Number of protein chains: 2
Amino acid sequence: MAKDMTLMWGSGSPPCWRVMIALEEKNLQGYNSKLLSFDKGEHKSKEVMDVNPRGQLPAFKHGNIIVNESYAACLYLENQFKSQGTKLIPDSPAEMALTYQRMFEGLTLFQKTAQSLFYERFVPENERHDSARKRNGEDLKNEIKLWEGYMQNSSGDFLAGKTFSMADVIVFPVIAFLFRFGLNEEHFPKLAAYHELLKNRPSIKASWPPSWKDTPGMLVLKDF
Amino acid sequence: MAKDMTLMWGSGSPPCWRVMIALEEKNLQGYNSKLLSFDKGEHKSKEVMDVNPRGQLPAFKHGNIIVNESYAACLYLENQFKSQGTKLIPDSPAEMALTYQRMFEGLTLFQKTAQSLFYERFVPENERHDSARKRNGEDLKNEIKLWEGYMQNSSGDFLAGKTFSMADVIVFPVIAFLFRFGLNEEHFPKLAAYHELLKNRPSIKASWPPSWKDTPGMLVLKDF
């Protein structure tokens, strides 16, 4: 069905994962799926660079059409396959607005997650400061609290209300990532319930990061 | 026509400006426009916080519906007023893909712009390093070169080809911002031509940052 599509991806990367969830939700199984290793630097290989000159994953092709940015690929798939699979952008103005709003607030959640959890990766050794580490941790904690509040006040079980939407496609992988890094379920009960609910959704089960399946999670965020 | 819409914004902010351009392109003039001052901290005022609890501008309301994230507001307006004004997301798969791709690469351009130009604003004094300043500058320069290349290879005068699209709504304000900070037109002739062309577009003229009109630009980027 989707034999004219190729996705190159890395396991556990929220940007890659969201494109995989979108493909599942739009019933686009059967695409050419290439799992690559960040650790081996395969995201900088010629194969990737030919599709995505930024040397980043995901790298996605549909026939001759290239859409690498994960938000772009998800919106492209929704719009090209509007009447196929799950409708991911609701029609009602209020639900549409909330879907878009949460999708793009997801950028901030992901940015604060990366900034705190990958401080050592992004900041050269001679530029590191405990004060920055502490501030990044507090920023992330406050951001997660905001999302716990969103789920508390939600009119349904999903990020934009009663139905699964593009907001979940985009943001769920980041929330799963936080739990993978040890986010405490007792401190964030609404996010934990959301995580449990979506874990069992077919699109998410089918695309669950293979590298997470037989390795233990981490405890970095347990005191949050 | 758009009397049930309120936009709170700050002059010169690319995220605010893009929502203003979208409103113009969708023929939604006549909205309730509130210019606030970042310098006076008005983005943290109760009036803003009631609409946008993050205390950021833009803050946008349509009736009772709130959409504050600038990308979200632009996509919401395009979808709610599809057949009104300029069509901002093309139907053809290839053009749609390129429009989305450039829109979201625009996040990286803006992030690198902010990181380099506002280093002093974002990084506390005791955490600043010349090595970081230098790296941020080089990252931004390389990113701008990439966009110059996109314009060189474009099939038309706009970011996603022959027609003005959401990619221009989203990214033009960042490019204008770079020229405001002194980007050298001779080093980036294609971006300069793009900047000149769009400056005269009615939606952009109507929304040009008032604070830029009678103050000189800066020279920060002149050697780029």
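It should be emphasised that the depicted structure is a prediction, and the values quoted were computed from it without experimental measurement.

Caption draft 1: Layout of the overall build of chain A. What chain A contains, in helices and strands, is 10 helices and 4 strands. Its helices and strands in sequence order give chain A the pattern β-α-β-α-β-β-α-α-α-α-α-α-α-α, from N to C terminus. Taken over the C-alpha trace, chain A has a radius of gyration of 18 Å; the compact-globule value for 224 residues is 17 Å, and the two agree within 12%. Taking all 224 residues of chain A together, the buried fraction comes to 55%. Considering only intrachain contacts with a sequence separation of at least 6, the fraction spanning at least 24 residues in chain A is 70%. Looking at chain A as shown, the accessible area adds up to about 9900 Å², and 51% of this sits on carbon and sulfur atoms. Separation of charge centres in chain A, based on 28 positive and 27 negative side chains, amounts to 2 Å.

Caption draft 2: Highlighting the interface of chain A and chain B. Contact residues are listed per partner, giving 34 residues for chain A and 34 residues for chain B. Taking both partners together, chain A and chain B bury about 2800 Å²; carbon and sulfur atoms supply 58% of that area. Across the chain A-chain B interface, the total number found is 6 salt bridges. The shortest N-O distance in the salt bridge between Glu105 of chain B and Arg54 of chain A comes to 2.9 Å. Counting only elements with at least two residues in the side of chain A that touches chain B, the list comes to β4 (65-66), α3 (70-80), α4 (93-117) and α6 (130-153) of chain A. Here the element with the most residues in the side of chain A that touches chain B is α4 of chain A; it accounts for 10 residues.

Caption draft 3: Up close: the sheet that holds strand β1 (residues 5-10) of chain B. Residue and element names in this part refer to chain B. An order of β2-β1-β3-β4 is seen for the 4 strands of this open sheet, with the pairing classed as mixed. Each of the sheet's edge strands pairs with one partner strand only, and the pair in question is β2 (32-36) and β4 (65-66). Strand direction decides the pairing type here: β1 and β2, joined by 5 bridges, are parallel. Note that in β2 the partner of Thr6 across the bridge is Asn32. Across the face of the sheet, helix α1 (residues 14-25) comes into contact with β1 and β3 (59-62) while running at roughly 145° to β1.

Caption draft 4: Structural detail: the sheet that holds strand β2 (residues 32-36) of chain A. All names here are of chain A. Read across the sheet, 4 strands follow the order β2-β1-β3-β4 without closing on themselves; strand pairing throughout is mixed. Two strands bound the open sheet, and with one partner strand each, they are β2 and β4. As defined by bridge partners, strand β3 (residues 59-62) adjoins β4 across 2 bridges and the pair is classed as antiparallel. Its bridge partner lying in β4, His62 is registered against Ile65.

Caption draft 5: Examining the nonpolar core more closely. Met103 of chain A together with Met103 of chain B are the most contacted members of the largest nonpolar core, which has 148 residues in total. What Met103 of chain A contacts, discounting residues up to four positions off in sequence, is Tyr71, Leu75, Ile89, Met166, Ala167, Ile170 and Val171 of chain A.

Caption draft 6: Summary view of the relation of the copies chain A and chain B. You can overlay chain A on chain B at an RMSD of 0.0 Å; the transform is a turn of 180° with a shift of 0.0 Å along its axis. Taken together, the rotation and translation relating the two chain copies correspond to the operation of a two-fold axis. When C-alpha distances to the rotation axis are compared across chain A, the minimum falls at Glu127 of chain A, with a value of 3.7 Å. Taken as a fraction of all interface residues of chain A, those also at the interface in chain B reach 100%, which identifies the copy contact as same-surface.

Caption draft 7: Layout of the environment of Thr99 of chain A. Residues and elements named next belong to chain A. Mapped onto the secondary structure, Thr99 falls in helix α4. For Thr99, a relative accessible area of 1% translates into the label buried. Ignoring anything within four residues of it in the chain, the contact list for Thr99 reads Leu88, Ile89, Pro90, Ala160, Ser165, Met166 and Ala167.

Caption draft 8: How the structure looks around unusual backbone geometry. Residues and elements named next belong to chain A. Along the chain, Leu57 connects to Pro58 via a cis peptide bond; the corresponding omega equals 5°. Position of Pro58 among the secondary structure elements: in the loop between α2 (46-51) and β3. Residue Asn27 is not a glycine yet carries a positive backbone phi of 55°. Summarising the element assignment, Asn27 is placed in the loop between α1 (14-25) and β2. Classification of Asn27 as partly exposed rests on a relative accessible area of 36%.

Caption draft 9: Just the pattern of salt bridges, in detail. Evaluation of the coordinates by the stated rule reveals 30 salt bridges over all chains. Measuring nitrogen to oxygen at the nearest pair gives 2.7 Å for the salt bridge that ties Glu25 of chain A to Arg201 of chain A. With a gap of 176 residues between them, Glu25 of chain A in helix α1 and Arg201 of chain A in the loop between α8 (189-199) and α9 (202-207) connect regions that are remote in the sequence. Residue Glu25 of chain A is classed as buried on the basis of its relative accessible area, which comes to 6%. Across the pair Asp50 of chain A and Lys46 of chain A runs a salt bridge whose closest N-O atoms are separated by 2.6 Å. Of this pair, Asp50 of chain A and Lys46 of chain A both sit in helix α2, 4 residues apart, which is roughly one turn of that helix. Within the structure, one salt-bridge network assembled from shared partners comprises Arg54 of chain A together with Arg102, Glu105, Lys112 and Glu143 of chain B.

Caption draft 10: The UniProt feature "domain: GST N-terminal" (unreviewed entry) in chain A, seen in detail. UniProt records the feature "domain: GST N-terminal" (unreviewed entry) for residues 3-85 of chain A in the present numbering. Along residues 3-85 of chain A, the helical share is 35% and the strand share 20%, with 17 Å between the first and last C-alpha atoms.

Caption draft 11: Quick look at α6 of chain A. An ideal rise of 1.5 Å per residue puts 34 Å on 24 residues; α6 of chain A measures up with 35 Å between its terminal C-alpha atoms. Packed against the buried residues of α6 of chain A are α4, α5 (119-122), α7 (166-180) and α8 of chain A.

Caption draft 12: Structural view of the packing of aromatic side chains. Residues and elements named next belong to chain A. Within the structure shown, the criterion is met by 27 aromatic pairs over all chains. Considering the side-chain rings of Trp147 and Tyr150, the 5.3 Å spacing of their centres and the 75° angle between planes classify their relative orientation as edge-to-face. Taken together, the residues span about one helical turn, with Trp147 and Tyr150 both in helix α6 at a distance of 3 residues. Comparing Trp147 with Tyr150 shows no difference in burial state: the two are buried.

Reading the values: rules and limits
Residues numbered from 1 in each chain as written. Chains lettered and ligands numbered in written order. Predicted model: local features only at pLDDT ≥ 70, side-chain atom pairs only at ≥ 80, totals over all residues. Heavy atoms only, no water. Helix = DSSP H or I, 4+ residues; strand = E, 2+ residues; numbered from the N terminus. Rg over C-alpha atoms; globule rule 2.2 N^0.38 Å. Buried < 20%, exposed > 50% of the residue type's maximum accessible area, 1.4 Å probe, protein only. Contact = heavy atoms within 4.5 Å. Areas by Shrake-Rupley, 256 points an atom, 1.4 Å probe, with all protein chains shown as cover. Lys, Arg positive; Asp, Glu negative; His and termini not counted. Charge placed at Lys NZ, Arg CZ, Asp CG, Glu CD. Buried area = accessible area lost by both parts, 1.4 Å probe. Salt bridge = Lys/Arg side-chain N within 4 Å of Asp/Glu carboxyl O. Pairing = 2+ DSSP bridges. Axes fitted to C-alpha atoms, helices over the stretch in contact; angles between N-to-C directions. Core = buried A, V, L, I, M, F, W, Y, C linked by side-chain atoms within 4.5 Å. Least-squares fit on C-alpha atoms with pLDDT ≥ 70 in both. UniProt positions renumbered as here; feature names shortened; annotations may be inferred. Expected span 1.5 Å × (residues − 1). Phe/Tyr/Trp six-rings, centres within 6.5 Å; stacked < 30°, edge-to-face > 60°.

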